[in-house]
Each structure stands twice: as structure tokens, then as C-alpha cells.
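The chain contents come next:
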Number of protein chains: 2
Amino acid sequence: MQKIIQCVPNFSEGRDKKKVEKIIDCFRNAEGVKLLDYSLDADHNRTVVTIVGDAESLKKAVLSAVEVALKIIDLTKHEGQHPRMGACDVVPFIPIKNVTEEEVIALSKEVGEEIGKLGIPVFLYEKSATASHRENLADVRRGQFEGLEEKMKDAKWNADFGTKDAPHKTFGAVAVCCRMPLVAFNVNLGTDNLDIATAIGKKVRFLGGGLRYCKAMGVDLAERKITQVSMNLTDHTKTTIYSVIELVRIEAKRYGVPIVGSEVIGLVPMQALVDCAEYYLQIENFSIDQVLEYKIME
Amino acid sequence: MQKIIQCVPNFSEGRDKKKVEKIIDCFRNAEGVKLLDYSLDADHNRTVVTIVGDAESLKKAVLSAVEVALKIIDLTKHEGQHPRMGACDVVPFIPIKNVTEEEVIALSKEVGEEIGKLGIPVFLYEKSATASHRENLADVRRGQFEGLEEKMKDAKWNADFGTKDAPHKTFGAVAVCCRMPLVAFNVNLGTDNLDIATAIGKKVRFLGGGLRYCKAMGVDLAERKITQVSMNLTDHTKTTIYSVIELVRIEAKRYGVPIVGSEVIGLVPMQALVDCAEYYLQIENFSIDQVLEYKIME
């Protein structure tokens, strides 16, 4: 059975296409690696790459891309709206098929160790984190590249691999992890009252006492004269799409507001949709191996 | 983009494993062909094979398997509970990915023509049928192997390829087609009254004025003390799983009977489940290309 892991490395260059292409070439021509997508964002000055492959192939390709980033990206000259601390900023690995969380955590640590050998400090986060205060990427990255030198003097923020107590002069540092696939799911409400969408968002999200792997906020869709509860599900296997939309429905009832639609942004794992079909159709004893295309991939 | 076609050839041998293995070898070792499943049924004396691949690879593999069946299966000595008219009895091709119905109809006709050159009469059925009275497999196969000689004398039942007016002495004839994937979907009812399940089945199926691509019947699940509306959806892209279960729910209301579960038997195309997730979650503008695993298959 083929093991499939996804990797979504982010690079701090979203304006100079030539530089970005040099990085992308590391994935485009890599055996055992499939380049699914990459997109440059000039405002963020950042490129997000999506690749899939087996552990060894991904490891090789990511390492070569990090080496290229080390050569061609200088964070001392980098400006952009997105928070960042490294030339290659984050390298999350995501288990997709026939692979356990443990295997992907191991892979993230191996890759981290190898990057460390290049003299680049590496922080493990999310499921790979070595301490609970290092799980959240926002915490790890707080202070960004400019604040890293000061931050890393604190033993609490020593790197896991590479130089422990100081950033690389031009590269900065990189955060590497195993995490679950992120599902971006938005529910549209039949009201133009943003307060309602915001209030519902606060109720359903983890921070407000809601579902554990749900982040949510209210958004105004002014053109359509409706509002939206915009959500990120950080572990759809535990906080499912159907539980999220049904909880939004329950909260919306308080205001007499109907759900008028929803949207899935970007890629979504098949299991997340299969779980919904299973729930609403009340299917008993279903396995994803019964999905023809999934079976074909074996 | 890789074109994927499924083929589910049925062979009239389900007892002699050695013979079946000779047939399966044609698929197992075929380049461009993936053997997903095969199962021997001794009562039916029949083997059902499931393969996927591109048009050319499937064509080659199916032809070699038909040649083997021609050599080793003698229908004059065949007994079994399942209706059959040929050593290789049916060869349905099913469009799965990046391939149109028209392309698969063309493939079925090419394969039919090649089989005809072996002196085997070929009947095109379902979407490949050359006349409306030849669409339904049950009609094409009525009379079975034993009645074929008489039946084929009637111009209405002349073969499309191969010997027009008489079966092959030992092989009989084969039916080849393009059809949509079959979805076997059963809905369990919270009643042990089979009359209710039967009545609902009659209401939702095409024959009774129900949904066009739905076949249905009531079934007693005596052990669980419940009943079931057992259905086959012959074109899930037009008669969807959610429309079928919601129609069963509406009919069941008349008897105050709840739906207590459902089941999907065997393989189901991803789109059929995605359609259900889209419906119940009210997702706007979703494309199956957003399913990660589907994207990986590109």
C-alpha cells in the first residue's frame, strides 16, 4: 500500500518569480514527489507550495529547497504582510494515506535534524512540538525574524535542532511539524447583521467553549448582503464538518437566522466529506476503501 | 490528465479455480491495467472481475481474457444459478475519470468488433445499444445460452458483431456496453412489516412512477427485526443517493416509520458521496478537484 504524505512548505519570497521558480524546481523535478500547487502572494511576499509523496522523497526535495532558499533569500531585506521568521518559514507534513501520525512526526523530526545540520535553527511545533508552549505556530513565530535573536536567548525558546540560541543571519529559523490537514469551511447566514455572525462564531469555536478543533470568526459578505461564519477545522477527524455546521444551525436558530449556503476553500481530504455523507445518510459500516477512486489509488 | 475507465467483465466459470486463474492472469499481468477485485461464485458458477485502466490497455487485456475463455470454457457443459449466454458473459465499460460517455461507448464498440473477429457474436447493450429494445441486459440475455440459436434467427436479435445469426457453439455470445457505475444503496426502516418496505420500494422506483435511474424492492432483515428498501441506482449522476433516501423518508412518513440506517454495498464513485455532502451541507461552487486524493490522482 502506497504511503502518501502531504507537505505545504511556505517560502518568504512572493515577488521575484525567478527566485521562486528555482525553489519550485526542487519539487517539480523530484522523483516520488507530486507538485499539486504553488502560489505567489506579492502582498505577503510569500509562496505556499503543496506537494505529496512518500517520506523519503519529500525529505530529499524539501531539503534541497531549503538549501536553495538559504542561498537566495535574505530575510534582513524581506518585507511583507504575513508574519514570518525564516527564508523557508514553515514546513508542515500531513498524513494523507496509509501512514500514521507517528510516522509523520518521525519524518518531521528527521527533516528538522537535517536542516539543523545546515546551521539553521529548527523549531518543532504542532504534533511534533517538544513542549506544550511550542505547539502553537503563532507563539513560536511571535516576534518574527526581527525579534528572533532576542527571543532565542531565552532557554524556553532554544531551537530543537541547529544553532540553539541564535538565528541564522540571513535565513532566520524554520518551523517544522506534523499536523492534520486544515479544512477551511465557511457557513453563510441569511442575515446582513455581522454581530450575529460574530456571536455565532464565538459560540462554536474552541476559544469560546465550542468545538475543540474549530477556529471561527464572523465575516461580512457585503456584496451579497449576507454574513458568514468563517472557520478553520484543525483536525477534521475529531471536529467534523457536519458537527460544525449543525452547531452553527443551532446557534443561528436563536436569532431566527437560516443557513443559506456554505463553502469549502481549497483542498479537503476525502474522509472529511465521506464522514458527512455517512452522517446525513446514516450509512452503517462504511469504509473509505469502498470509494472507487480511493481503491484505485491503493 | 489520466483517463480512467472501469471494466467489470463476468465469466461463466466460478468453480474451477485453475481455469479462473488463467483468465485473471490476463488482467494481473497487463500493463496499464489495475486488477481491483475478482470473486468466484460457485452457486452462480461465475466470476466477476473489476479492473481499471486506460482504453487501449483495457481493450488488450479484455481481448486476451476473452480468447482464454473461448479456449477453456464450454457453455454446453455449464450449469449455474445466474442467467448467462456466453463463456465471457458481459463486458461493461464504465467512465470513471477524465473520460466522456462517448469515448467509452466508442471503446465498447471497438472491443465488440475485435471479439466479433474471433467468430463470437457480440450484442451491444445499455448506452452502446444499437436499438432501444437491446438496451436492457435482461432482454438481450433472455432465453440464455440454450435459447440463443433460436433467438438469433430473428433479425431483431441478430448480433452487432461476429456471426450475426447464430451463437458460437461452445462460447455462446457476449454482451458489451458502456454503462454508468451502479450504486447499490439500501435504506433500513424501523419496522418489521415487509409490506411497508415493499410499498415504499414500489413508490420510489422508476417502474412505479418514481426516480428514473432507481430500481427498488422490499427486503426482510428478519434477524434485526427490521426491513429494508434495497435499491440499485443505475445512473447516480442523474438519480442521486440523497434524492433517493429523501424520497424514501417522505414515503415512510405515511406509515410513521423512521429510517434507522442505510448501507452502501461494494464500491461507490466518489462523486456520488460528494454530491450528498454538497447537498446536506449546502456547499456552493464545489468541485471534485478540491478533494485532495482526487487531485493527487491527476
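Residues numbered from 1 in each chain as written. Chains lettered and ligands numbered in written order. Predicted model: local features only at pLDDT ≥ 70, side-chain atom pairs only at ≥ 80, totals over all residues. Heavy atoms only, no water.

J.: Can you explain the overall build of chain A? Please cite residues and give values.
T.: A tally of regular secondary structure across chain A gives nine helices and 11 strands. Against the 2.2 N^0.38 benchmark of 19 Å for 298 residues, chain A shows a C-alpha radius of gyration of 20 Å, consistent with a compact globule. For chain A, the spread of C-alpha atoms along the three principal axes comes to 55 × 45 × 35 Å. Looking at chain A as a whole, 52% of its 298 residues are labelled buried. Long-range pairs, those at least 24 residues apart, make up 71% of the contacts in chain A with a sequence separation of at least 6. Summed over its atoms, the accessible surface of chain A is roughly 13,100 Å², and 49% of this surface lies on carbon and sulfur atoms. Averaging the positions of the 39 positive and the 43 negative side-chain charges in chain A gives two centres separated by 3 Å. (Helix = DSSP H or I, 4+ residues; strand = E, 2+ residues; numbered from the N terminus. Rg over C-alpha atoms; globule rule 2.2 N^0.38 Å. Buried < 20%, exposed > 50% of the residue type's maximum accessible area, 1.4 Å probe, protein only. Contact = heavy atoms within 4.5 Å. Areas by Shrake-Rupley, 256 points an atom, 1.4 Å probe, with all protein chains shown as cover. Lys, Arg positive; Asp, Glu negative; His and termini not counted. Charge placed at Lys NZ, Arg CZ, Asp CG, Glu CD.)

J.: Pulling in residues and values, what's your account of the nonpolar core?
T.: The nonpolar side chains of a soluble globular protein tend to be buried with one another. Counting 70 residues, the largest nonpolar core has M231 and I241 of chain A together with L189, M231 and I241 of chain B as the members making the most contacts within it. Setting aside chain neighbours within four positions, we find L189 of chain B in contact with A197, I200, I226, T227, V229, V248, A252, V257, P258, I259 and V260 of chain B. (Core = buried A, V, L, I, M, F, W, Y, C linked by side-chain atoms within 4.5 Å.)

J.: Give a description of the relation of the copies chain B and chain A that names residues and reports values.
T.: The transform that puts chain B on chain A rotates by 180° and translates by 0.0 Å along the axis, for an RMSD of 0.1 Å. Look at the turn and shift together and you get a two-fold axis relating the two. Looking at the rotation axis and the C-alpha trace of chain B, the residue lying nearest is A277 of chain B, at 2.5 Å. Same-surface contact between copies: 100% of interface residues of chain B are shared with the interface of chain A. (Least-squares fit on C-alpha atoms with pLDDT ≥ 70 in both.)

J.: Tell me what's going on with the interface of chain B and chain A, and back it up with residues and numbers.
T.: At the junction of the two partners, chain B supplies 44 residues and chain A supplies 44 residues. Interface area, chain B with chain A, both sides summed: about 4,000 Å², of which 64% is carbon and sulfur. Along the contact surface separating chain B from chain A lie two salt bridges. Taken together, chain B and chain A are joined by 26 residue pairs in polar contact (both at pLDDT 80 or more). Of all the elements in the fold, those that place two or more residues in the side of chain B that touches chain A are β1 (4-7), β3 (33-41), α7 (241-253), β11 (259-265), α8 (270-281) and α9 (292-297) of chain B. Its residues assigned to classes, the side of chain B that touches chain A shows 28 nonpolar, seven polar and nine charged. (Buried area = accessible area lost by both parts, 1.4 Å probe. Salt bridge = Lys/Arg side-chain N within 4 Å of Asp/Glu carboxyl O. Polar contact = N/O pair within 3.5 Å; in protein donor to acceptor, adjacent residues only side chain to side chain. Nonpolar A, V, L, I, M, F, W, Y, C, P; charged D, E, K, R; others polar.)

J.: Explain the sheet that holds strand β10 (residues 226-233) of chain A to me, and be specific about the residues and the numbers.
T.: Strands pair in a sheet through their backbones, by hydrogen bonds, and they do so in one of two ways: parallel or antiparallel. Residues and elements named next belong to chain A. In space, the four strands of this open sheet follow the order β9-β10-β8-β11, with antiparallel pairing throughout. Since the sheet does not close on itself, it has two edges, and those belong to β9 (214-221) and β11 (259-265), each with one partner. Here the average twist between neighbouring strands, direction ignored, is 20°. Here eight bridges tie β9 to β10, and the two strands are oriented antiparallel to one another. Of the residues in β10, the one forming a bridge with G218 is V229. Against the sheet, helix α7 (residues 241-253) touches β8 (183-189), β9, β10 and β11, its axis set at about 25° to β8. (Pairing = 2+ DSSP bridges. Axes fitted to C-alpha atoms, helices over the stretch in contact; angles between N-to-C directions.)

J.: I'd like a rundown of the confidence of the model for chain A, residues and numbers included.
T.: Keep in mind that low pLDDT regions are not for reading the predicted coordinates in detail. On average, residues of chain A carry a pLDDT of 95, and 100% of them reach 70 or more. In the predicted assembly, ipTM is 0.82 and pTM is 0.83. (pLDDT = per-residue confidence, 0-100.)

J.: Please set out the packing of aromatic side chains residue by residue, giving values where relevant.
T.: A full pass over the atoms with the stated rule returns seven aromatic pairs over all chains. Pairing Y242 of chain A with Y279 of chain A gives two aromatic rings, centres 4.2 Å apart and planes at 0°, and the pair type is stacked. Here Y279 of chain A lies in helix α8 (residues 270-281) and Y242 of chain A lies in helix α7, a separation of 37 residues in the sequence. For Y242 of chain A, a relative accessible area of 22% puts it in the partly exposed group. With a centroid separation of 4.8 Å and an interplanar angle of 80°, the aromatic rings of Y279 of chain B and Y280 of chain B are classed as edge-to-face. When the ring centre of W157 of chain B is taken as origin, the NZ or CZ atom of K151 of chain B, which lies over that ring, is 4.2 Å away. (Phe/Tyr/Trp six-rings, centres within 6.5 Å; stacked < 30°, edge-to-face > 60°. Lys NZ or Arg CZ within 6 Å of the ring centre and 35° of its normal.)

J.: Which residues make up the pairing of strand β1 (residues 4-7) of chain A, and what values do they have?
T.: All names here are of chain A. Alternating positions in β1 separate into two faces, I4 and Q6 on one and I5 and C7 on the other, with burial throughout. One ladder, built from three bridges, connects β1 with strand β4 (residues 46-53); its direction is antiparallel. Bridged to I5 within β4 is G53.

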